[in-house]
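Report on the structure
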Amino acid sequence: MPYDLGATARLTAECRDPGGTLTTATTAVLTIGLPDGTTASPEVTETGTGQYQADYPTAEAGRHTVRWVFTGPAAAYTDSFDVRDAVPPSILSLSDAKAMLNKKSSADDDEVRFWVEATTRAVEWFVGPVVVRTVIEVHPVRLVESLALRQVPALALTSVTPVLSGGTSYEVTDLNLDESTGVVRLLSGGWFQGPLRVTYQAGRRIITANITAAARIILQHLWRTQQGPGRPQLGTGDFDVTEPIPGLGYAIPNRAVQLLSPDQLPPGMA
């Protein structure tokens, strides 16, 4: 499961000789590839014969690669781990999600949070951003009367700046934003000269009950479908599902689609 940004990732590996026996290595080096392209090499300790451990305090969100290299004997091991954004997009809180899944203990909290994030992705595929986030887009335009932001609802503009040196910047106080369509125009009625980099806030200030209800149904469905034999099952409920949805990759309950229909984006905007 992903780590929270700032949490310490405990990484482990084993060094085995060609016959498969755990062996103390002459050298043990761990290299972590960070999302920004740099690397880190935390201190490695041997916790038992041929068993190695390193603690890495995470400082950057995204995918991290892990590369262990041992000599004497020669051995190697490659892995990866993910780090969440500081504020990961989640429509449902952990407590609400646990209540929906009848979870009384914290034993499955990491797994529940994972499926809440997957649920949020499914809901936003239909209705656009729900959780408020910062979006940065490059619009490769030349001379246009308006800009069409790609994620709606768009709450507020932060900046509109040129991509190329010598280009024109635009003060957000001189612009009009249609939140529902994402169309940006100059209040003067003039033209934009690009290409332009637009930074804005997208999402919903208020999450309506139908969106929350759909998220709960999707969470229940995803949780049910990933449970293996012997795990407790939820009640049956209304879980007739769609066909797998192109662009989303999996089916979701029809009831959730019905609840989201008043807020669904026009075709081509999902």
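Predicted, not measured: the structure shown is a model, and the values here were computed from it.

**Observations regarding the pairing of strand β5 (residues 51–57)**
Sheet analysis places strand β1 (residues 8–14) next to β5, joined by seven bridges and oriented antiparallel. Looking across to β5, one finds that threonine 12 is bridged to glutamine 53. Relative to β5, strand β4 (residues 45–48) is paired through three bridges, and the arrangement is antiparallel. Each bridged residue has a counterpart across the sheet, and for threonine 45 the counterpart in β5 is glutamine 53. Linking two consecutive strands that pair antiparallel, namely β4 and β5, is a turn of two residues; a positive phi of about 75 degrees is found at glycine 50 within it.

**A look at the sheet that holds β1**
Within a sheet, adjacent strands bond to each other through the backbone by hydrogen bonds, running parallel or antiparallel. Read across the open sheet, the three strands follow the order β1-β5-β4; overall the sheet is antiparallel. Edge positions in the sheet fall to β1 and β4, since each has one partner strand and no second. This sheet shows a mean twist of 35 degrees between the axes of neighbouring strands, independent of strand direction.

**Observations regarding the environment of threonine 71**
The topology assignment puts threonine 71 in strand β6 (residues 62–71). With residues up to four places along the chain from it excluded, the contact list for threonine 71 reads Ala25, Thr26 and Thr27. Here the side chain of threonine 71 touches threonine 27 through a polar contact of 2.3 Å, side chain to side chain.

Definitions and cut-offs
Residues numbered from 1 in each chain as written. Predicted model: local features only at pLDDT ≥ 70, side-chain atom pairs only at ≥ 80, totals over all residues. Heavy atoms only, no water. Pairing = 2+ DSSP bridges. Helix = DSSP H or I, 4+ residues; strand = E, 2+ residues; numbered from the N terminus. Axes fitted to C-alpha atoms, helices over the stretch in contact; angles between N-to-C directions. Contact = heavy atoms within 4.5 Å. Polar contact = N/O pair within 3.5 Å; in protein donor to acceptor, adjacent residues only side chain to side chain.

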